[in-house]
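# Results of the structural survey
Given next are the chains, with one letter for each unit.
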Amino acid sequence: MPPEEPDILSARPQMTAEIMSRTGLNEAVLTRLVHRFYGKVRADKVLGPIFAARIADWDPHLQRMVAFWSSVALMTGRYHGAPVPAHVALPVTWDHFERWLDLFRETAAETCSPAGAAHVVERAERIARSLHMAVEDAKPGAIPSLICG
Ligand code: HEM
């Protein structure tokens, strides 16, 4: 009998399997993380209204965010969206990203193993910094970029 294959939907099955065994992360853990995190975001005095003004139907957003975290954390390639355009026009500063990260760190600690939490938080911090740069660059009066097209 051949050895049992792990149940992984992935573009890079071996890397995904290695990350899963090292961090304890999988689709079920990421689903809990995402649902719990956006529950906190929606209840947050500062972030809640920004999301409420833009998201009417939360089910598709939560599904998209689980696919996003599956791609980012497990390298499954499940997410095919464009995060930058979704954020550039938002009325946010670095303080909003800090609040977002505080809630994310708290939720990661509640739902993931320590290694899993470190894995997702490191990626969230990196993406938050790059989204913040994109938001700042899109503001009127931003210093022009030196990168030529
Ligand atoms: C200040 C903090 C943030 C705010 C207020 C915010 C707000 C939003 C809103 C309102 C949307 C929905 C946009 C729409 O459908 O029209 C969205 C989408 C999304 N956000 Fe954020 N976000 C924040 C930070 C982040 C960070 C740090 C990440 C990643 C680590 C992230 C990842 C995403 C992704 C992947 C989408 C879906 C984009 C798509 O495919 O349409 N966001 N965000």
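One numbering rule holds for all chains: residues counted from 1, following each sequence as written. Where local features are concerned, this predicted model is filtered to residues with pLDDT of at least 70; where side-chain atom pairs are given and counted, the filter is 80 or more; whole-chain, interface and lining totals use all residues. Processing note: side-chain calculations cover all non-hydrogen atoms of the structure and skip hydrogens and water entirely.

In this numbering, the UniProt entry assigns the feature "binding site: heme" (unreviewed entry) to His61. Relative to the helices and strands, His61 is located in helix α4 (residues 58-74). Note on contacts: a residue pair is in contact if any heavy atoms of the two residues lie within 4.5 Å. Every residue in contact with His61, bar those within four places of it in the chain, is listed here: Tyr38, Phe51 and Ile55. UniProt positions are given in the numbering used here, feature names are shortened, and annotations may be inferred rather than shown by experiment. Put simply, DSSP marks the helices as runs of H or I at least four residues long and the strands as runs of E at least two long, and each gets a number from the N terminus on.

Here the focus is the packing of helix α2 (residues 27-43) against α4. Geometry of a packed helix pair, given as the angle between the helix axes and the separation of the axes. Think of each axis as a best-fit line through the C-alpha atoms, taken over the contacting stretch in the case of a helix, with angles from 0 to 180 degrees between the N-to-C directions. Closest axis-to-axis distance for the α2/α4 pair is 9 Å, and the angle between their directions is 130°. In this view, α2 runs oblique relative to α4, as classed from their interaxial angle. Between α2 and α4 the crossing geometry is right-handed. Along the contact surface, α2 presents Glu27, Leu30, Thr31, Val34, His35, Tyr38 and Arg42, while α4 presents Trp58, His61, Leu62, Met65, Val66, Trp69, Ser70, Ala73 and Leu74. The scheme is simple: roughly parallel for angles under 35 degrees, roughly antiparallel for over 145, roughly perpendicular for 65 to 115, oblique for anything else. Throughout, a crossing is termed right-handed when the near helix is turned clockwise from the far one, and left-handed when it is turned anticlockwise from it by less than a right angle.

This next bit is on unusual backbone geometry. Of note, Met75 is a non-glycine position whose phi angle comes to about 60°, a positive value. Looking at the secondary structure, you find Met75 in the loop between α4 and α5 (83-87).

For a metal with four tetrahedral donors the ideal donor-metal-donor angle is 109.5 degrees, whereas six octahedral donors ideally subtend 90 or 180 degrees. Water is not part of the atom set, so a site may look incomplete; the donors themselves are N, O and S atoms within 2.8 Å of the metal, or 3.2 Å for Na, K and Ca. From the protein, the iron atom of the ligand takes a single donor atom, His87 (NE2), 2.0 Å away. Along the chain, the position of His87 falls in helix α5.

This next bit is on the packing of aromatic side chains. Aromatic pairing here means that ring centres of Phe, Tyr or Trp (its six-membered ring) are within 6.5 Å. Orientation follows from the plane angle: under 30 degrees is stacked, over 60 is edge-to-face, and everything else is tilted. Under the counting rule described, the total for this entry stands at 11 aromatic pairs. An angle of 65° between the planes, with centres 5.9 Å apart, marks the rings of Tyr38 and Phe51 as edge-to-face. Of this pair, Tyr38 sits in helix α2 while Phe51 sits in helix α3 (residues 47-52); the two residues are 13 residues apart in sequence, bridging distant segments of the chain. Residue Tyr38 is classed as buried on the basis of its relative accessible area of 4%. Only protein chains enter the area calculation, which uses a 1.4 Å probe; residues under 20% of their type maximum are buried, those over 50% are exposed, and those in between are partly exposed. The exposure class assigned to Phe51 is buried, which follows from its relative accessible area of 16%. Pairing Trp94 with Phe97 gives two aromatic rings, centres 5.9 Å apart and planes at 20°, and the pair type is stacked. Of the two residues, Trp94 and Phe97 both sit in helix α6 (residues 94-111), three residues apart, roughly one turn of that helix. Judged by its relative accessible area of 28%, Trp94 falls in the partly exposed class. Since its relative accessible area comes to 9%, Phe97 is described here as buried. Through successive ring pairs, a cluster of aromatic residues spans Phe37, Tyr38, Phe51, Trp58, Phe68, Trp69, Tyr79, Trp100 and Phe104.

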